[in-house]
Amino acid sequence: LACLGAALCRIDWLHLAPPPRRYDLWLVRSIHDRQGDQAAAEAALREALAERRDYPDGLHSLGALELARGNVAQAMELFRETIAADPRYVAAYNSLGACLRAQGRIAEARQAIEQCLALDPWHAKAWMNLGELELGAEDWGAAQRAFEKAEALNPAHFGGALGLARICDARGEAAAAQA
């Protein structure tokens, strides 16, 4: 529990946002989340955000929960609130880009993902999302570069390799996709 509290303090320092007055709610949320009790984790998160609505970690976490439920519009609003609370919160730009892509708003999605990469060029998930945008635009070379970058940054995640295989498949290069 002390390690978790220290981690939360570290997160606060990184984002330079003062923590909610009630750390216990953040700790309770984390404990419930690790135990798989999503309802209790969400309740603690919502209670903490009711106290401090401009807390970026909480806003982004709630946005991720809403996105997982398929509530894309609500998730987008929470990711925008995260960015308003902390314009340097890198993951929020990537998450917003993923939501915009899901809504077919490709130019806006590209802008959000590129902003994420401008803040953190080593953000593997953003490179994956950029690869998906390029794949949808049938820009095979740009998609390949993005997926290769994602794979290089996070080789344990198979998304980059799968993206590269999908490029080969889309081009009709079945032998290369199976390699």
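Residues numbered from 1 in each chain as written. Predicted model: local features only at pLDDT ≥ 70, side-chain atom pairs only at ≥ 80, totals over all residues. Heavy atoms only, no water.

Asker: How should the nonpolar core be read in this particular structure?
Answerer: Generally speaking, soluble globular proteins have nonpolar side chains that are buried together. Counting residues in each nonpolar core, the largest one holds 29 residues, and the members touching the most others are Leu96, Leu130 and Phe147. Once residues within four sequence positions are removed from consideration, Phe147 is found in contact with Met128, Gly131, Glu132, Leu135, Gly159, Gly160, Gly163, Leu164 and Ile167. (Core = buried A, V, L, I, M, F, W, Y, C linked by side-chain atoms within 4.5 Å. Buried < 20%, exposed > 50% of the residue type's maximum accessible area, 1.4 Å probe, protein only. Contact = heavy atoms within 4.5 Å.)

Asker: What's the story with the packing of helix H7 (residues 106-119) against helix H8 (residues 124-136) in this structure? I'm lost.
Answerer: Helix-helix packing is characterised by the crossing angle of the two axes and by the distance between the axes. Interaxial distance between H7 and H8 falls to 10 Å at its minimum, and their mutual angle equals 150 degrees. Taken together, the axes of H7 and H8 are roughly antiparallel relative to one another. Two packed elements cross with a definite hand, and for H7 against H8 that hand is left-handed. On H8, the residues that touch Ile106, Ala109, Arg110, Ile113, Cys116 and Leu117 of H7 are Ala126, Trp127, Asn129, Leu130, Leu133 and Glu134. (Axes fitted to C-alpha atoms, helices over the stretch in contact; angles between N-to-C directions. Helix = DSSP H or I, 4+ residues; strand = E, 2+ residues; numbered from the N terminus. Parallel < 35°, antiparallel > 145°, perpendicular 65-115°, else oblique. Left-handed = near helix turned anticlockwise from the far one by under 90°.)

Asker: Can you walk me through helix H3 (residues 38-51) in this structure?
Answerer: Along an α-helix, residues three or four apart share an orientation, since each turn contains 3.6 residues. The end-to-end C-alpha distance of H3 is 20 Å, a good match for the 20 Å that 14 residues give at a rise of 1.5 Å each. Taken residue by residue, H3 has Ala41, Glu42, Ala44, Leu45, Ala48 and Leu49 as its buried positions. One side of H3 holds all its buried residues, which, seen down the axis, span an arc of 160 degrees. Within H3, the exposed residues directed more than 90 degrees away from the buried face are Ala39 and Ala50. (Expected span 1.5 Å × (residues − 1). Arc of directions from axis to C-beta.)

Asker: Please clarify how the pattern of salt bridges should be interpreted in this entry.
Answerer: Evaluation of the coordinates by the stated rule reveals 10 salt bridges. Of the charged contacts, one joins Asp86 and Arg88 as a salt bridge, the two residues approaching to 3.7 Å between their closest N and O atoms. Assessed through its relative accessible area of 2%, Asp86 is described here as buried. With a shortest N-O distance of 2.6 Å, Arg166 and Glu132 are connected by a salt bridge. Taken together, the residues span a long stretch of sequence, with Arg166 in helix H10 (residues 159-171) and Glu132 in helix H8 at a distance of 34 residues. Look at Arg166 and you get partly exposed, because its relative accessible area is 38%. (Salt bridge = Lys/Arg side-chain N within 4 Å of Asp/Glu carboxyl O.)

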